[in-house]
Amino acid sequence: MNIALYILFGIGVLFNGLGALALMRFPDVYTRLHGATKCTTFGAIFSIAAIIVYGFASGGAAQQTLAIHAIVALIALLLTNPTGAHAIARAAHRSGVKPWGAVVDKLEEKP
Amino acid sequence: MLAFLATSVVAFVLYLLLTLPSGTLGAWSVEELVTGAILSVVAGLVARNVLFPRDRKGTWADLRLLNPLRLLLFLVYLIGPFLFAMARANLDVAYRVVTRKLRPGIVKLSPGLTTDLGRTLLANSITLTPGTLTVDVDEEDGDLYVHWINVRDPEPAAKQVCGSFPAWARRITQ
């Protein structure tokens, strides 16, 4: 049981760390958003999965409540994270940030 | 009216979940139940047109989000193809973080979805899956402008970029 929790948390931390690394390695706002949204959402899914497993396996009322709250938080995160990324990307493009090394930019060509 | 009721009920259930162990009536105290009821009525009045918008003719609220069959399909979609695509997306980002092999660009997709709900679902799915990020949406014909981290084709079909997602979004929301 503890080992399962450690594994879930480990995967979560790994992907969250990967998201932070992507912020430093990628060249511009759009590519950085790729790392910042996908990796943090996936990492959070595993961290929250660990909390849910812990909450329902340990059996106390307080822990079960914690697990239910974690599920609500996960749903909110899944909805707001991509929406926020989309808002940032749209705002960046509207204020004239060109994508780095773009092969093609259909939005720029849009009449 | 229906939209108001549905929004209030959703808000009330959410409030109850968040205040879970507070008393003896069920699992809640009387104060929490009363506060929750008042707040969810307010939320229903404010947000009914956001959560359940009126349909194209402007007469009936669009309640298909409440259909249990659609919710079940949505759950199947989340656990099956979506989670798999997300896992692949993260390995893909990991690969690009390490090698820095980028070939970015913004391409245009025409998935041909008619409802706002379907477009939202597809746009959010695209953002969380391999190498793609929705930048802008054309409100009129539902075209999506997608930042693609590894452009293989400057004028791709929707299937090339996001696989079976448009079909799923259509099945769930139309």
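Residues numbered from 1 in each chain as written. Chains lettered and ligands numbered in written order. Predicted model: local features only at pLDDT ≥ 70, side-chain atom pairs only at ≥ 80, totals over all residues. Heavy atoms only, no water.

A. Structural view of the overall build of chain B. For chain B, the helix and strand inventory stands at six helices and three strands. When the helices and strands of chain B are placed in sequence order, the string is α-α-α-β-α-β-β-α-α. Judged by the C-alpha coordinates and their principal axes, chain B covers about 60 × 45 × 25 Å. Within chain B, counting contacts between residues at least 6 apart in sequence, those at least 24 apart form 63% of the total. A total of about 9300 Å² of accessible surface is found on chain B, and carbon and sulfur atoms cover 67% of it. Put simply, chain B has 17 plus and 14 minus side-chain charges, and the middle of one group is 8 Å from the middle of the other. (Helix = DSSP H or I, 4+ residues; strand = E, 2+ residues; numbered from the N terminus. Contact = heavy atoms within 4.5 Å. Areas by Shrake-Rupley, 256 points an atom, 1.4 Å probe, with all protein chains shown as cover. Lys, Arg positive; Asp, Glu negative; His and termini not counted. Charge placed at Lys NZ, Arg CZ, Asp CG, Glu CD.)

B. Here's a closer look at the packing of helix α2 (residues 29-58) of chain A against helix α3 (residues 61-94) of chain A. All names here are of chain A. Where α2 contacts α3, the axes come no closer than 8 Å and their chain directions differ by 175 degrees. In terms of orientation, α2 lies roughly antiparallel with respect to α3. A class-by-class count of the residues in the contact of α2 with α3 yields 22 nonpolar, nine polar and no charged. (Axes fitted to C-alpha atoms, helices over the stretch in contact; angles between N-to-C directions. Parallel < 35°, antiparallel > 145°, perpendicular 65-115°, else oblique. Nonpolar A, V, L, I, M, F, W, Y, C, P; charged D, E, K, R; others polar.)

C. Spotlight on the pattern of salt bridges. As enumerated under the stated definition, the model contains four salt bridges over all chains in all. With a shortest N-O distance of 3.9 Å, B:D136 and A:R94 are connected by a salt bridge. Separated into two different chains, B:D136 in strand β2 (residues 132-137) and A:R94 in helix α3 make up a pair that spans both. With a shortest N-O distance of 3.4 Å, B:R96 and B:D92 are connected by a salt bridge. Of this pair, B:R96 and B:D92 both sit in helix α3 (residues 68-99), four residues apart, which is roughly one turn of the helix. (Salt bridge = Lys/Arg side-chain N within 4 Å of Asp/Glu carboxyl O.)

D. Seen up close, the sheet that holds strand β3 (residues 144-148) of chain B. Spatially, β1-β3-β2 (chain B) is the arrangement adopted by the three strands of the open sheet, whose pairing is antiparallel. With partners counted over all chains shown, the strands left at the sheet margins are β1 (105-109) and β2 of chain B, one partner each. Strand-to-strand, the axes of this sheet are offset by a mean angle of 30 degrees, without reference to chain direction. Against the sheet, α3(A) contacts β1 and β2 of chain B, and its axis sits at roughly 60 degrees relative to β2(B). Of the strands in this sheet, β1, β2 and β3 of chain B touch helix α4 (residues 116-128) of chain B, which is tilted by about 145 degrees from β2(B). (Pairing = 2+ DSSP bridges.)

E. Molecular detail of the interface of chain A and chain B. Listed as interface residues are 42 residues of chain A and, on the opposing side, 43 residues of chain B. Of the roughly 3700 Å² buried between chain A and chain B, counting both surfaces, carbon and sulfur atoms make up 72%. Taken as a group, A:R25, A:K38 and A:K106 account for 18% of the area that chain A buries against chain B, more than any other trio of residues on that side. Counting across the chain A and chain B interface gives two salt bridges. Where chain A touches chain B, the interface holds eleven residue pairs in polar contact (both at pLDDT 80 or more). (Buried area = accessible area lost by both parts, 1.4 Å probe. Polar contact = N/O pair within 3.5 Å; in protein donor to acceptor, adjacent residues only side chain to side chain.)

F. Inspection of the packing of α3(B) against α4(B) at higher detail. Residue and element names in this part refer to chain B. Put simply, α3 and α4 touch, their axes get as near as 9 Å, and they point 30 degrees apart. The orientation of α3 relative to α4 falls into the category roughly parallel. Together, F74, Y77, F82, M86 and A89 of α3 and L121, S125 and L128 of α4 make up the contact between the two elements. Counted by class, the contact of α3 with α4 contains seven nonpolar, one polar and no charged residues.

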